Amino acid sequence: MTEEQPREPGRQRHKKRLRDRWWWKIYLLLVIASAVFQSLPIRNETAQKWSAASRAAGVIETSSFTRDGEKPGSTAALSYRTYGEAGVDKPALILLHGSPGKKEHFDLLAPRLAPYFRVISVDLPGFGESSKWVPSYSTRAHARYVLALLDEFDLDTAHVLGFSMGSGVALNMHDLAPDRIDSLIFYGGIGIQEGEGTGNYGFEHFKYTVGYAALVVAPELLPHFGLLGPRSWRHAFIRNFNDTDQRPMRGYLENIDARETPLLILHGRHDPLVPAWAAEQHHDIVEHSELVMYDRSHFMVFDDEGAELLAEEIVPFVIRNSTHGESPTRRTVYRPGAERPEPSVLPVDLNIPRGTNPWWSVATIIGASYILEDPTTITVGLLVRDGQLDLFLGVFAVFVGIFTGDLALYLVGWVFGRRALAWKPVAGRLPVRKVEALGEWFDTHGWTAVLASRFIPGTRLPLYVSAGALGKKPGRFALWTFLAVLIWAPVMLILVIVLGEAAASPFKLLFGQSWLALIAAVLALVVLVRVLLHLPTKRGRQRLWVKVSRLWRWEFWPAWVFYLPLVPWLVWLALRYRSLTVWTLANPGLPDGGVVGESKAEITEALCTPTDEHVLPAVLVNDADNARQQMEQRGWSLPLILKPDAAQRGVGVKLVKTDAGFDDYFAKSSGPALLQTYHPGPYEAGIFYIRMPGELRGKIFSITDKRFPELTGDGESTIEELVWSHTRYRMQAGVFMERFVEQADRVLGEGETLRLAMAGNHCQGTLFADGRHLITPELELAVDEVIQRMDGFYFGRLDARYADPEGLKRGEDFAVLELNGVTSESTNLYDPSWPLWRAYRTLFKQWAVCFAIGHANRREKKLKPPGIFPLLGRIRSYYKTRQLHALAD
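J.: Any chance you could break down the overall build of the protein for me, citing the residues and the numbers?
T.: Helix and strand counts for the protein come out as 31 helices and 20 strands. By residue count, 51% of the 889 residues in the protein fall in the buried class. By element, 59% of the accessible surface of the protein is carried by carbon and sulfur atoms, the whole surface being about 42,100 Å².

J.: Any chance you could break down the packing of helix α6 (residues 201-217) against helix α7 (residues 231-243) for me, citing the residues and the numbers?
T.: Axis separation between α6 and α7 bottoms out at 9 Å; the angle between their running directions is 175°. On the basis of the axis angle, α6 is roughly antiparallel to α7. Between α6 and α7, the residues in contact are H205, Y208, T209, G211, Y212, L215 and V216 and R231, R234, H235, F237, I238, R239, F241 and N242, respectively. A per-class count over the contact of α6 with α7 returns seven nonpolar, five polar and three charged.

J.: Go over the nonpolar core, please, and point to the residues and values.
T.: Among the nonpolar cores identified, the biggest contains 57 residues, and I94, L96 and M173 are the most heavily contacted of them. Among the elements that make up this core, the one with the highest residue count is helix α4 (residues 139-152) (eight residues).

J.: Tell me about helix α22 (residues 566-576), and name the residues and values.
T.: All of the buried residues along α22 are L566, L573 and A574. Down the axis of α22, the buried set is contained in an arc of 100°. They therefore lie on one face. In α22, the exposed residues that point more than 90 degrees away from the buried face are P568 and L575. R578, located one to two residues past α22, shows a positive phi value of around 55°.

J.: Describe the pairing of strand β13 (residues 673-677), listing the residues and the values that go with them.
T.: For β13, the buried fraction is high: five of the five residues fall into the buried class. Side-chain alternation along β13 places A673, L675 and T677 on one buried face and L674 and Q676 on a second face that is also buried. Pairing between strand β10 (residues 618-621) and β13: four bridges, direction antiparallel. From the neighbouring strand, A618 faces β13, where its bridge partner is Q676. Pairing of strand β11 (residues 640-644) with β13, which is carried by five bridges, proceeds in the antiparallel orientation. Considered in β13, the bridge of I641 is made with Q676.

J.: Kindly report on the sheet that holds strand β15 (residues 699-707), identifying the contributing residues and their values.
T.: Spatially, the five strands line up as an open sheet ordered β18-β15-β14-β19-β20, and their pairing is antiparallel. Of all the strands in the sheet, the pair left with one neighbour each is β18 (767-770) and β20 (815-820). The sheet shows a mean angle of 25° between the axes of neighbouring strands, direction not considered. Across four bridges, β15 lies against β18 in antiparallel orientation. Residue T704 lies in a different strand from β18, and its bridge partner there is D770.

J.: Could you give an account of the pattern of salt bridges, naming the residues involved and the relevant values?
T.: Taken as a whole and judged by the stated rule, the model has 41 salt bridges. Where E290 meets R320, a salt bridge forms, and the shortest distance between an N and an O atom there is 2.8 Å. One end of the pair, E290, is in strand β8 (residues 290-294); the other, R320, is in helix α10 (residues 304-320), and 30 residues separate them in sequence. Residue E290 is classed as buried on the basis of its relative accessible area, which comes to 5%.

J.: Please give an account of a nonpolar patch on the surface that cites residues and values.
T.: The grouping of W560, L564, V567, V571, W572 and L575 at the surface amounts to a nonpolar patch, some 670 Å² of accessible area in total. When you line up the elements, L575 lands in helix α22.

J.: Please give an account of the packing of α22 against helix α30 (residues 836-861) that cites residues and values.
T.: Look at α22 against α30: their axes get within 11 Å of each other, and the N-to-C directions meet at 25°. Judged on the interaxial angle alone, α30 and α22 are roughly parallel. As for the relative orientation of α22 and α30, their crossing is right-handed in sense. In this structure, α22 uses L566, W569, L570, L573 and A574 to contact α30, whose residues at the interface are L843, F844, W847, A848 and F851. Split into classes, the residues belonging to the contact of α22 with α30 amount to 10 nonpolar, no polar and no charged.

J.: An account of the side chain of S138 is requested, with residue identities and associated values reported.
T.: As for its placement among the helices and strands, S138 is situated in the loop between β4 (118-123) and α4. Residue S138 is classed as buried on the basis of its relative accessible area of 0%. Of the polar contacts made by the side chain of S138, one reaches the side chain of S136; its length is 3.1 Å. Setting aside its immediate chain neighbours within four residues, S138 contacts R67, N240, D243 and T244.

J.: Give me the sheet that holds β13: which residues, what numbers.
T.: The four strands lie next to each other as β10-β13-β11-β12, forming an open sheet whose pairing is antiparallel. The open sheet has two edge strands, β10 and β12 (654-656), and neither has a second partner. Between one strand axis and the next, the sheet turns by 30° as a mean value, whatever way the strands run. Its contacts with the sheet put helix α25 (residues 660-668) on β10, β11, β12 and β13, and the angle it makes with β11 is roughly 10°.

J.: Explain helix α5 (residues 165-176) residue by residue, including any values.
T.: Compared with the 16 Å implied by 1.5 Å per residue over 12 residues, the 17 Å span of α5 between its first and last C-alpha is a close match. With 10 of 12 residues buried, α5 lies mostly within the body of the structure. Taken residue by residue, α5 has M165, G166, S167, G168, V169, A170, L171, N172, M173 and H174 as its buried positions.

J.: Any details on the packing of aromatic side chains? Residues and values, ideally.
T.: Geometrically, a pair of aromatic rings is defined through the distance of the ring centres and the angle of the planes. Within this structure, the stated rule accounts for 35 aromatic pairs. Here the aromatic rings of Y683 and Y802 are separated by 5.3 Å at their centres, their planes lie at 25°, and the arrangement is stacked. With Y683 in strand β14 (residues 683-690) and Y802 in strand β19 (residues 795-802), the pair connects residues that are 119 residues apart, well separated along the chain. A residue is classified by how much of its surface remains accessible, and Y683, at 34% relative accessible area, is partly exposed. A network of ring pairs unites the aromatic residues W554, F562, Y563, W569, Y830, Y840 and F844 as a single cluster. Taking NZ or CZ as reference, R755 lies 3.8 Å from the ring centre of F708, over its face.

J.: Give a description of the environment of I868 that names residues and reports values.
T.: Structurally, the position occupied by I868 is in helix α31 (residues 868-881). Sequence separation between I868 and L580 is 288 residues; the distance between their C-alpha atoms is 6.7 Å. What I868 contacts, discounting residues up to four positions off in sequence, is L580 and T581.

Parameters and conventions
Each chain has its residues counted from 1, following the order in which its sequence is written. Two thresholds apply to this predicted model, a pLDDT of at least 70 for residue-level local features and 80 or more for giving and counting side-chain atom pairs, whereas whole-chain, interface and lining totals are computed over all residues. To get the side-chain values, all heavy atoms of the structure are used, and hydrogens and water are removed first. Counting from the N terminus, the helices are DSSP H or I runs at least four residues long and the strands are E runs at least two residues long. Using a 1.4 Å probe on the protein chains alone, a residue whose accessible area is under 20% of its type maximum counts as buried, one over 50% counts as exposed, and one in between counts as partly exposed. Exposure was quantified through the Shrake-Rupley algorithm and a 1.4 Å probe, taking into account, for residues, occlusion by the shown protein chains and nothing else. To get an axis, fit a line to the C-alpha atoms, keeping to the stretch in contact for a helix; angles then go from 0 to 180 degrees between the N-to-C directions. Note on angle classes: values under 35 degrees are labelled roughly parallel, values over 145 roughly antiparallel, values of 65 to 115 roughly perpendicular, and the remainder oblique. Here, residues are in contact when the closest pair of their heavy atoms is within 4.5 Å. Residue polarity follows a fixed list, in which Ala, Val, Leu, Ile, Met, Phe, Trp, Tyr, Cys and Pro are nonpolar, Asp, Glu, Lys and Arg are charged, and the others, Gly among them, are polar. Remark: nonpolar core denotes a set of buried residues (Ala, Val, Leu, Ile, Met, Phe, Trp, Tyr, Cys) joined through side-chain atoms within 4.5 Å. Starting at the helix axis, one direction is taken to each C-beta atom, and the arc is that of these directions. By this definition, two strands are paired if DSSP reports at least two bridges between them. The term salt bridge refers to a pairing of a side-chain nitrogen on Lys or Arg with a carboxyl oxygen on Asp or Glu at a separation within 4 Å. Only residues above 30% relative accessible area that lack a salt bridge enter a patch, with like-charged residues linked at up to 9 Å and the nonpolar side chains Val, Leu, Ile, Met, Phe, Trp and Tyr linked at up to 5 Å. Left-handed is the label given to a crossing in which the near helix is rotated counterclockwise from the far helix by less than a right angle, and right-handed is the label when the rotation is clockwise. Here a polar contact is recorded for every N or O atom pair within 3.5 Å, except that within protein the pair must consist of a potential hydrogen donor and a potential acceptor, and residues adjacent in sequence are included only if both atoms are side-chain atoms. Expected span of a helix: the number of residues minus one, times 1.5 Å. Here a pair means two rings of Phe, Tyr or Trp (six-membered ring of Trp) with centres within 6.5 Å. Their orientation is stacked below 30 degrees between planes, edge-to-face above 60, and tilted elsewhere. Whether a charge sits over a ring comes down to the Lys NZ or Arg CZ being within 6 Å of the ring centre and within 35 degrees of the ring normal.

Following this line, the structure appears as structure tokens:
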């Protein structure tokens, strides 16, 4: 090794830092180039040509205005377009667009009004072709500009139509100069403060400040070269709302004089921007106003039919009120379909008061998201869809709740270090990579890892806690998480808003307006959204199919689900035999009949004889050195089996192939372990044995033929890909991928085989098939002879390895691995070819026999069954104190 070689890692890190710096330099150069490109003269000339080619009739120059009045020494250009001929017999009608908007938004409506009126549509400052940069974009300042326009046209008075935000401008015009307004027309118009989003001035302007940062400032940090539109348009849009104060507008409405200013309110019942109830409030405040409610939304002005419907109301209203001969009268009209408010999408009668402090709502949502993230997000989406919550409030609260919750998971790992990895929720759901491998993955794929974790259920908690425990780049983690949640929160809410009604309607029909219907709808949407998130990728679709197929592939059901139908049967048996625990007496030779905690070493010692080869010899060892010592004393050679002295379902069974394997095993598992000789098989059987007390011979209740999973390579696919492409192995992909965590990306050669499981347990990946064809009188006799060596054993399963099926049938070729007591199963019931009813028939029969044997032992041997609560206490204590690695080899 040369002197230069030890310094190579440092050089590599230096090169990496240089590459990182170059990325930042390239990014900054692109941002500068984007800004320069957007200010080039050629772009300005293009804009001027577009302006000249537009249909604007003219531009006037006025003073610039603020909310409070004229700003000396500053001017602004106001673009307008006129429709129809000017004439003394035609009233003037000013059309004011919404925000964002422009005068062309009235291209369908204005021609329908032009035959009757002198129509003038205006680009308000900041929009269209008017000046882009002005001191104030408030509706108050805009009102002053439009009044200046009236002066320019020598109009003493005019009728004013305001669309959306334009209604606020019209209302301010009336407050500033009521004698110049012949009539007011609101279409989808803003007004009272309560109708603005949450109705809270402070929160709404916080919203606009965030919006300015997101829509004006943030895009300028991206090299978009104008593709996101001009900054002036985005600036004017947000400033328009931020500069406007709707709190005085209730007073403006109250001051509309019935004798001087008629008011026509046109509104869509399904308006998503300005709620229909706000229009009805305006109608109630202005007692002489006219209200026409349509079965439409906010955007009637943009389609021919909507424009025609609006014109049918506007024309007679303006003609009727062009002279001040009569005082206006109250009129309320609900067009077909708009008679009643839109029915609630919520399957429960819930109304959040408008006066509720929005910050309390935000705090409640954040707190709820810490507990149940998905249900909270979905409930918020339903409330937004129903109009109970403001969209921004919902997105903001969900975003903050999820983002801070994710940071909290990272901090758990950061503060508690590797101790956090032993936290049960983390240890039980670690991703498919080992902790160190996870660190490498996080370093190299941080952004994609964080983003993917949001779309793959169950991966976020272990990933984030592990990242914190490993101390992986907290700054980058916060940035990646921020961006991931910034995408996730709106996407989730939009999905719920779109799907909400379809998901909630069936439950409203089924349960009526009730909380049960709401809970059912939320759960349905949780499932539906997760299904949709799985569809875009092949692996996602495979995972989804695994989840769906578990519905009918009952062998993979969770144990508590599979055993639920057994509960009534156990209750009946307990009543029949007058004891809840008499079944534990089926094996009086084992503690509690072998429920939990029985010593495998003691059982093996009882079964073994010096001359019998039917039982694999084993010895109890306490540590790695003790295991080596016992191996040497007994003349055993590797490989050997190490497994916990007390455990079920193949937990912690390890095949030790090298001397270092002893150290690895005891580093992960505490307590004594059984060191046992290894039988290569290649076959294994689960032989379920029963014997009634008093009978000389027992019999085989069933045999399970255990078939170990095996992959065959194609020379192209990795182990992980082969597992996921296999229709059965993918059902337990998590087990296999954790077992082969370091080989997941290895490509198996064509024809190369790999055995995926060594332990003969279903939960470890082994297929169980009915092995009744293996039962013979000779085997039954040999098994009985072995088991009767264990005094007081009548019921349980013997697991054995063998090399030749014919030799097993002769009762000659088998080697006992272990003997399990009353909680062992007749595992042939998991045969995937069996119908479910047959599996339950076997299970019910097995427990009936267990109770019968226990009852017989109680009667003949005068035994007393344990109390139910002491028994449960011992079971709880066992599972609470054991520290075993569940995965077997």
